[in-house]
Amino acid sequence: MAVNLKTPLGEDILNLKAGDIVYLSGTIFTARDLAHRRMIKLSKKELPFDPSGAVIYHCGPIIKEIPGGYEVISAGPTTSARMNTYLEDVLSMGIKGIIGKGGMDPEPFKKYGAVYFAFTGGAGALAARSIKRVLGVQWLDLGIPEALWLFEVENFPLVIAIDSRGNSLYKQGKYF
């Protein structure tokens, strides 16, 4: 089944099943290890984005500075398992989706009614085609790949790898 979703995510994600194809449009935020550490030290009000229904992309993009802003050259996923330590805290903020590769612990997704989207590793140029523009950046002091980037995406092709019931394609022996 293929579904079109828009951010912020709502209750409709509760109907998604592991293996469903999703075309995601709207705004997403990138975050890797250092950004996750910073996020969980802040209150929801101190975050530079509204976490309610938000989608985090585990990605260290390759960015080119252009007049008036930035252009995304490549935006492949990074291994999500590194962020398992922060998962419960991040989802408890109201974040409803995480994009990455390799999977994560499915239990917090079940507990918080969230989903894990898989994007194929090694396809960063393909991901960049779905990023229509860079809306902003925070925490550049962490470095370009670790900063918190805000992207507008359109029809970003993803697979539900862990659904809100904790069903995991990775546990079923299916990998991306």
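Structure shown above.
One structure accompanies this document, and this report is about it. (Residues numbered from 1 in each chain as written. Predicted model: local features only at pLDDT ≥ 70, side-chain atom pairs only at ≥ 80, totals over all residues. Heavy atoms only, no water.)

## Thoughts on the overall build of the protein chain
We apply this condition: Per the convention used, a helix needs a DSSP run of H or I reaching at least four residues, while a strand needs a run of E reaching at least two, with both numbered from the N terminus. For a compact globule the rule gives 2.2 Å times the number of residues to the power 0.38, and the radius of gyration it is set against comes from C-alpha atoms. Computed with a 1.4 Å probe, the accessible areas rest on the Shrake-Rupley method; for each residue, only the protein chains presented here act as cover. When charges are tallied, Lys and Arg are placed among the positive residues and Asp and Glu among the negative ones, while His and the ends of the chain are skipped. Where a charge lies is defined by one atom per residue type: Lys uses NZ, Arg uses CZ, Asp uses CG and Glu uses CD.
For the protein chain, the helix and strand inventory stands at 4 helices and 9 strands. The helix and strand sequence of the protein chain, counted from the amino end, reads β-β-α-β-β-β-α-β-α-β-α-β-β. Taking 16 Å as the expected radius of gyration for a compact globule of 176 residues, we find that the protein chain reaches 15 Å, a close match to that expectation. Projecting the C-alpha coordinates of the protein chain onto the three principal axes gives extents of approximately 45 × 35 × 25 Å. Accessible surface, the protein chain as shown: approximately 8100 Å² in total, 50% of it carbon and sulfur. Where the 20 positive side-chain charges of the protein chain centre and where its 17 negative ones centre are 3 Å apart.

## Section: the nonpolar core
Keep this limit in mind: As used here, the term nonpolar core means buried Ala, Val, Leu, Ile, Met, Phe, Trp, Tyr and Cys residues forming a set that is joined through side-chain atoms within 4.5 Å. When accessible area is computed with a 1.4 Å probe and restricted to protein chains, residues below 20% of their type maximum are described as buried, those above 50% as exposed, and intermediate ones as partly exposed. Every residue pair with non-hydrogen atoms within 4.5 Å of one another is taken to be in contact.
In this structure, L24, I99, F117 and F156 are the most contacted members of the largest nonpolar core, which totals 30 residues. Of all the secondary structure elements, the ones that give two or more residues to this core are β1 (2–6), β2 (21–30), β3 (55–57), β7 (115–118), α4 (124–130), β8 (131–138) and β9 (148–162). Broken down by element, the residue count for this core peaks at 6 residues, all from β9. Apart from the residues within four sequence positions on either side, L24 is in contact with L5, T7, L9, V55, I99, V153, E154, N155, F156 and L158. Judged by nonpolar contacts, the second largest core, of 27 residues, contains V90, M104, F109 and L148.

## Here's the deal with the side chain of D33
Mapped onto the elements of the fold, D33 is located in helix α1 (residues 33–41). Excluding its chain neighbours within four sequence positions, the residues that come into contact with D33 are R82, M83, Y86 and E146.

## Side note on the environment of F29
Structurally, F29 is set in strand β2. C-alpha separation for the pair F29 and L150, spaced 121 residues apart in sequence, amounts to 4.6 Å.

## A look at the environment of M93
Structurally, M93 can be placed in the loop between α2 (84–92) and β6 (97–100). Classification of M93 as buried rests on a relative accessible area of 8%.

## Overview of the pairing of β6
Heads up, the rule is: By this definition, two strands are paired if DSSP reports at least two bridges between them. When the strands point away from the viewer, a crossover counts as right-handed if the path from the first strand over the helix to the second runs clockwise.
Taking every second residue as pointing to the same face, both faces of β6 are buried, with G97 and I99 on one and I98 and G100 on the other. Alignment of β3 against β6, held across 3 bridges, turns out to be parallel. When the sheet's bridge partners are listed, V55 is paired in β6 with G97. Alignment of β6 against β7, held across 4 bridges, turns out to be parallel. The residue of β7 that forms the bridge with G97 is V115. As a crossover connection, the stretch from β6 through helix α3 (residues 106–112) into β7 is right-handed.

## Details of the pattern of salt bridges
So the rule is basically this: Salt bridges are identified by distance alone: a Lys or Arg side-chain nitrogen within 4 Å of an Asp or Glu carboxyl oxygen.
Overall, the coordinates contain 6 salt bridges when judged by the stated rule. The salt bridge involving D141 is made with R38; its shortest N-O contact spans 2.7 Å. A residue pair is termed long-range when its members are at least 10 positions apart, and D141 in the loop between β8 and β9 and R38 in helix α1 qualify at 103 residues.

None of the figures reported here should be taken as evidence of function without further support.
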